[in-house]
Amino acid sequence: MAAIFAVGATPGTAYANIGNGDSEAEAPVGGESDNGKVAAHATGTRVVIKQSGGGSGGSSGSVTSVDPNWTPPPCWYEPALTPKQLQDAVEGMDRRSEVIPVTATLSWGHDLMKENYQDGKNFNIEKQGEGMWWRSVNNPNNNDPAAIFDCEETMFWVDAGDVPDVPHALTPEILAEYAYSSVKVPETTVEMNPDGDQTVNLPTWIWLDEAKFEPVTVRAELPGSGLWAETTAKPVGLHIDPGTKDAETFPASGDCPANGDGSIGAPYTRSKAEKNPPCGIRYLRSTAGSGSHALEATLTWEMSWEGSGGTGGDLPDGTFGTTIDVTVQEVQAINR
């Protein structure tokens, strides 16, 4: 569809309202509810997100892909309006002030909407129940404003059951990537012994309890379409950076893999006093007069997905970490 003249929405723009009382309409269009009507905001996706798992709760955050060249989709195309919804919206527009979004970044007034969707098309009213008008929407988790211009195809018609032949058309894989960007994992809180100030040449045991770091699953689903995907994040390893070269890590790489039960490392007990920890640090110099070291503990989450139609696969691993200020003291005799 050829774009004729662009009318961008600006702060304070009035949007035409679309009633959702049509008995043949699918799930309501994303937007602001107003007395049983739904404002036609193009930035609102109809995709529903639901998370389960994740452990014992508390603070959480988003994972960062280990692949710097991979990012979740900033936008995509999804079914937005039935023919009757579009007809009602255009015919009910205030010609002087209201607009309707036709992409995630572009809105048209009454005349352009009439020229593109009514004249010669009649909003496809004769196809009511046989398809929907599709439009681009923004990924609510997108942090790159320029990237949303990847989806600049103006609102177009798609027959029911068809997948439009355009980049970024909604698929299970795009839903999985959206779910990836919506995953919230627990804060990386590690257990340490000694807890608090560390001691020169004394091994510090570090571990994670499996009960606090269960797999996290996020389901992304487009209601009424049969399209869905579930992305699962599973903790698989902890990387330790002591924050100084005057230290050694256990193992030497600083990478502590998950145990068979999902835990990482092992708790310290007195019977292990003469052993090195499976996951830990030994500081070799005191911080006296130099402040503290920034110990970084970063948990790696393995990401995979499955979706409608038997689809599925792997996504780049994600990481989420924390920084702990560590003070190292010089002590001649230690009792643990």
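Reading the values: the criteria
Residues numbered from 1 in each chain as written. Predicted model: local features only at pLDDT ≥ 70, side-chain atom pairs only at ≥ 80, totals over all residues. Heavy atoms only, no water. Core = buried A, V, L, I, M, F, W, Y, C linked by side-chain atoms within 4.5 Å. Buried < 20%, exposed > 50% of the residue type's maximum accessible area, 1.4 Å probe, protein only. Contact = heavy atoms within 4.5 Å. Pairing = 2+ DSSP bridges. Helix = DSSP H or I, 4+ residues; strand = E, 2+ residues; numbered from the N terminus. Axes fitted to C-alpha atoms, helices over the stretch in contact; angles between N-to-C directions. Disulfide = S-S within 2.5 Å.

*Asks:* Tell me about the nonpolar core, and please be specific about residues and values.
*Replies:* Within the largest apolar cluster, 50 residues are counted, with the highest numbers of intra-cluster contacts made by Val47, Leu170, Ile206, Leu238, Ile240, Trp301 and Met303. Every residue in contact with Trp301, bar those within four places of it in the chain, is listed here: Val63, Val185, Pro186, Phe213, Glu214, Val216, Ala233, Lys234, Pro235, Asp317, Gly318 and Phe320. One finds Leu86, Ala89, Leu106 and Leu112 within the second-largest nonpolar core, a separate group that totals 17 residues.

*Asks:* Explain the sheet that holds strand E11 (residues 131-138) residue by residue, including any values.
*Replies:* Spatial ordering of the open sheet is given by E8-E11-E12, a layout of three strands whose pairing is antiparallel. Bordering the open sheet on either side are strand E8 (75-81) and strand E12 (156-159), each of which pairs with just one other strand. Averaged over all adjacent pairs, the angle separating strand axes in this sheet is 45°, with direction ignored. Pairing analysis gives four bridges linking E11 to E12, with the strands arranged antiparallel. Across the sheet, the residue bridging to Met132 is Val158, located in E12. Contacting E8, E11 and E12, helix H1 (residues 83-91) crosses the sheet at an angle of about 85° to E8.

*Asks:* Tell me about the state of the cysteines, residues and numbers included.
*Replies:* As enumerated under the stated definition, the model contains two disulfides in all. Note that Cys75 is cross-linked by a disulfide to Cys151, the S-S spacing being 2.1 Å. Across the S-S bond of Cys75 and Cys151 the torsion is about 85°, and the bridge reads as right-handed. Of this pair, Cys75 sits in strand E8 while Cys151 sits in the loop between E11 and E12, and the two are 76 residues apart along the sequence. By the burial criterion, Cys75 is buried, and Cys151 matches it. Two residues, Cys256 and Cys279, share a disulfide whose sulfurs are 2.2 Å apart. Handedness of the Cys256-Cys279 disulfide follows from its S-S torsion of about 90°: it is right-handed. Of this pair, Cys256 sits in strand E20 (residues 255-257) while Cys279 is found in the loop between strand E21 (264-265) and strand E22 (280-283), placing the two residues 23 residues apart along the sequence. Here the protein pairs its bonded cysteines, counted in sequence order, in the arrangement 1-2, 3-4.

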